[in-house]
Every structure is written in structure tokens, then in C-alpha cells.
Amino acid sequence: MNKTQNITLSLLKDLLQKIKHIAINKQTSVSGLLTKTLEEIVKKDDLYEKARLHILTY
């Protein structure tokens, strides 16, 4: 079972306001938006690493 863990993030106020608007437009929370974005980054990194290892084995 995956557990979640809270983190603290410091952002410039102007940036946070823009992020809040983006989250509202996507009908999610700032936390949900950041979680999805970070999951996508990790997935892309995992795929890149698998491809890199595949190429190195040939």
C-alpha cells in the first residue's frame, strides 16, 4: 500500500497565484496538479532510463 507524505514548498506569491489559476482551470487542487506533474516527470525519467539501459546492452 502506498503511503503519502506531506512536503513544504516555498514559492513566490505571484507564481503561486498563477499555479492556483491553472489548477482551477484543470478542476483540481494545487496539490493534485503538482502530484500529477511530478508523476509525469518520474514516468518519463523511468522510460528514459529503461531505453538507455536497453541500448547499452546491445
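Scroll up a little and you will see the structure.
All values reported here derive from a predicted model rather than from experimental measurement.

A. Representation of the pattern of salt bridges. Evaluation of the coordinates by the stated rule reveals 1 salt bridge. For the salt bridge of Glu-49 with Arg-52, the shortest nitrogen-to-oxygen distance reads 2.8 Å. With Glu-49 and Arg-52 both in helix H2 (residues 30-56) and 3 residues apart, this pair spans about one turn of that helix. Look at Glu-49 and you get partly exposed, because its relative accessible area is 31%.

B. Representation of unusual backbone geometry in the model. Of note, the phi angle at Gln-27 is positive, near 55°, even though the residue is not glycine. Mapped onto the secondary structure, Gln-27 falls in the loop between helix H1 (13-25) and H2. Residue Gln-27 is classed as exposed on the basis of its relative accessible area of 76%.

How each quantity is defined
Residues numbered from 1 in each chain as written. Predicted model: local features only at pLDDT ≥ 70, side-chain atom pairs only at ≥ 80, totals over all residues. Heavy atoms only, no water. Salt bridge = Lys/Arg side-chain N within 4 Å of Asp/Glu carboxyl O. Helix = DSSP H or I, 4+ residues; strand = E, 2+ residues; numbered from the N terminus. Buried < 20%, exposed > 50% of the residue type's maximum accessible area, 1.4 Å probe, protein only.

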